Amino acid sequence: MLENNIDPLAINRGTIIAPAGCGKTYQIADALTRHSGRKPILVLTHTNAGVVALRGRFDRAGVTKEAYRLSTIDGWTMRLISTFPTRSAHAPNLLQLSNPKWDYPNIRNAAINLLKSGHVSDILAASYARLIVDEYQDCSIRQHTIVALLAQTLPTCVLGDPMQAIFGFGVDKLAKWNEDVCSYFPPVGELNKPWRWINANAAPLGEWLLAIRDKLIRCEAIDIREAPAAVRWIELDGIDDHQKCLIAARVRSPDGIGHVLIIGDSICPASQQLFASQTPGAVTVEAVDLRELVTFAKTFDPAQTNAINCLVNFAQTVMTNVGASELMQRIQSITRGTARKPPTNVEKIALIFVQEQSYQAAANLLVEISRESNVRVFRPTVLKACTEAMRLCHKTTSGLSFCDAVIQIREKYRLIGRPLPRRAVGSTLLLKGLEAEVVVVLNASALDARNLYVAMTRGSRALTICSQSPILNPQK
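Source: prediction; values computed, not measured. (Residues numbered from 1 in each chain as written. Predicted model: local features only at pLDDT ≥ 70, side-chain atom pairs only at ≥ 80, totals over all residues. Heavy atoms only, no water.)

Colleague: Can you walk me through the sheet that holds strand β2 (residues 41-45) in this structure?
Modeller: For sheets, the rule is that strands pair by backbone hydrogen bonds, running either parallel or antiparallel. What the six strands build is an open sheet, ordered β3-β2-β4-β5-β1-β6; its pairing is parallel. Strand pairing shows two members of the sheet lacking a second neighbour, β3 (68-72) and β6 (187-190), which therefore form its edges. Across the sheet, the mean angle separating the axes of adjacent strands is 20° when strand polarity is ignored. Summarising the sheet, strand β1 (residues 13-17) and β6 pair through three bridges and their orientation is parallel. Each bridged residue has a counterpart across the sheet, and for I16 the counterpart in β6 is G189. (Pairing = 2+ DSSP bridges. Helix = DSSP H or I, 4+ residues; strand = E, 2+ residues; numbered from the N terminus. Axes fitted to C-alpha atoms, helices over the stretch in contact; angles between N-to-C directions.)

Colleague: What exactly am I supposed to notice about the environment of L392 here?
Modeller: Counting through the fold element by element, L392 comes out in helix α18 (residues 380-395). In this structure the C-alpha to C-alpha distance between L392 and P470, which are 78 residues apart in sequence, comes to 51 Å. If we skip the residues at most four places from it in the chain, L392 touches L400, A405, Q408 and I409. (Contact = heavy atoms within 4.5 Å.)

Colleague: I tried to follow the nonpolar core on my own but got confused; where do I start?
Modeller: The nonpolar side chains of soluble globular proteins are, as a tendency, buried together. With 47 residues, the main nonpolar core has L293, F296, F300, L311, M390 and F402 as its most contacted residues. Among all residues touching M390, those that are not within four sequence positions of it are F296, F300, L311, Y359, A362, A363, L366 and F402. Among the nonpolar cores identified, the runner-up in size contains 36 residues, and W76, A111, I112 and Y128 belong to it. (Core = buried A, V, L, I, M, F, W, Y, C linked by side-chain atoms within 4.5 Å. Buried < 20%, exposed > 50% of the residue type's maximum accessible area, 1.4 Å probe, protein only.)

Colleague: Any chance you could explain the side chain of T320 here in plain terms?
Modeller: Of note, T320 is situated in the loop between α14 (307-316) and α15 (324-336). On the basis of relative accessibility, which here comes to 13%, the residue T320 falls in the buried class. Other than its neighbours up to four places away in sequence, T320 contacts S277, N374, V375, R376 and F378.

Colleague: Which parts of the structure should I look at to understand the environment of I28?
Modeller: By the element assignment, I28 lies in helix α1 (residues 24-34). Remark: the alpha-carbon pair of I28 and M456, spanning 428 residues in sequence, is separated by 23 Å. Excluding residues that lie within four positions of it along the chain, I28 makes contacts with V43, L54, F58, I132, D134 and L159.

Colleague: How should I be thinking about the sheet that holds strand β11 (residues 423-426) in this particular structure?
Modeller: On the basis of which strands lie adjacent, the open sheet formed by six strands has the order β8-β13-β12-β9-β11-β10 and parallel pairing. The open sheet has two edge strands with one neighbour each: β8 (231-235) and β10 (283-284). Bridge analysis of β10 against β11 gives two bridges, and the strand direction is parallel. What sits directly across from V283, in β11, is A424. On the sheet, helix α11 (residues 241-249) packs against β8, β9 (260-263), β11, β12 (436-441) and β13 (459-467) and is oriented at approximately 160° with respect to β8.

Colleague: Honestly, helix α16 (residues 345-356) in this entry has me stumped. Any pointers?
Modeller: Note on helix geometry: an α-helix contains 3.6 residues per turn, so any two residues three or four positions apart are oriented the same way. With 12 residues, α16 should cover 16 Å at 1.5 Å per step; its first-to-last C-alpha distance of 16 Å lies within 8% of that length. Restricting attention to buried positions, one finds in α16 the residues V346, E347, A350, L351 and F353. The arc enclosing the buried residues of α16, seen along the axis, measures out at 155°, which places them on a common side. Structural note: α16 exposes Q355 and E356 on the side pointing more than 90 degrees away from its buried face. Looking at the buried side of α16, the elements it contacts are α14, α15 and α17 (359-370). Looking at the residues trailing α16, positive phi occurs at Q357, about 55°. (Expected span 1.5 Å × (residues − 1). Arc of directions from axis to C-beta.)

Colleague: Please clarify how the side chain of K24 should be interpreted in this entry.
Modeller: With respect to the helices and strands, K24 occurs in helix α1. For K24, a relative accessible area of 10% gives the class buried. A distance of 3.4 Å separates polar atoms of two side chains, one belonging to K24 and the other to E135. In this structure, K24 is in contact with A18, D134, E135, L159 and L191, ignoring residues within four places of it in sequence. (Polar contact = N/O pair within 3.5 Å; in protein donor to acceptor, adjacent residues only side chain to side chain.)

Colleague: Quick question: what am I supposed to make of the pattern of salt bridges here?
Modeller: Opposite charge on two side chains permits them to pair, given that their charged atoms come into close proximity. Tallied over the entire structure, the rule returns 22 salt bridges. When the shortest N-O distance is used, the salt bridge between D237 and K244 registers 2.7 Å. Put simply, E286 and R379 hold a salt bridge, and the shortest N to O gap is 2.9 Å. Highlighted residues: E286 in the loop between β10 and α13 (291-299) and R379 in the loop between α17 and α18, separated in sequence by 93 residues. In this structure E286 comes out as buried when scored by relative accessible area, which is 9%. Among the charged side chains, a salt-bridge network with shared partners connects D7, D30 and R34. (Salt bridge = Lys/Arg side-chain N within 4 Å of Asp/Glu carboxyl O.)

In structure tokens form, the structure reads like this:
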């Protein structure tokens, strides 16, 4: 039965207000299940993580692949202008995203100009039955303009929650919920039942979180001591706080097999990576632009004198127990003929790299290091993208650079999304749209009201909050 009798398929142009965990994804999946038209419904959201979450929910609901086309807004926009490069008149290198801060707004501008021209309206109408946009509170002004232009051709329903608007977009500001969104897509209803927690047999937690949402909207303080038993508070009193957070991050799901999300410092990826490296089984959720890998790809050359040193140091940023300095010393002593012990498999592959100076040999070395019994990969996305790009530029006959290969792999990942690790470390920005059985918020006192709400609502069965005080008074 439809929640609140709100049917996305009956909305020609409107907004469904959807607090976290109140059945928004079910509404979309149910609509796709009931859709029987010849043309698919276009479903757009903001992040690759959101795409993965939606696709998983659609699969579990038995939605046929023919019923929908799913993408991020920017991913779909990039495909649109790349399909009509002359009419969109974008710069040829714009889609390489070498400067994401400026490239994304210009990609959106190109799409806006193309849609405004009306040249593709008939194609859109022939391609899709209607449009559904998830997480609409995260739309920038330009993205909102794109959706509004699409709504002139396609029946459009947008779903979102202004309390989950945490993306900043830099030069491309968020659309204002009341002034921009609701004025063009009038509200048609609000979801108000915490299904995520009801379905997980944790209804008291869900009801408390809905009450928390109302308090945060009114800028009222939250007392964690009033929370239900599923919420645990870890006091950070300045004594061994890092160790306390590490212990908290090792919490297990109540059933022992569920997923755990660990939400760290949003503005310090290095801090997230440190927690992932020090927490058994944890891996990082990477930003979609893979900025650090792109930077490495721009500077790494296997033919350079210090290439082996650069490669081993890079390995140390994505794996534990690499022992970069010890490995370099061994390579030097083996090369000089002064080593007493025979070379290990890793050292043999390292020597091959020194001799061949090729990207293929570099990839082989990274993979061999990752296979060591005492080594754990805590940034698997970066490692996999790096080795794939190295092999891609090695195989190509067109002179593809390592950096261009990384960008190609990055865009492939952008389209296919990434599965949720069993124990993931990231920021609210990276983990938004995901859900797990357990969530650990490492420093709740540092989060503003919206980021705190997003962080606390990711977990369906248990929540751990680390903070200086049990009373949280986040700012707007």
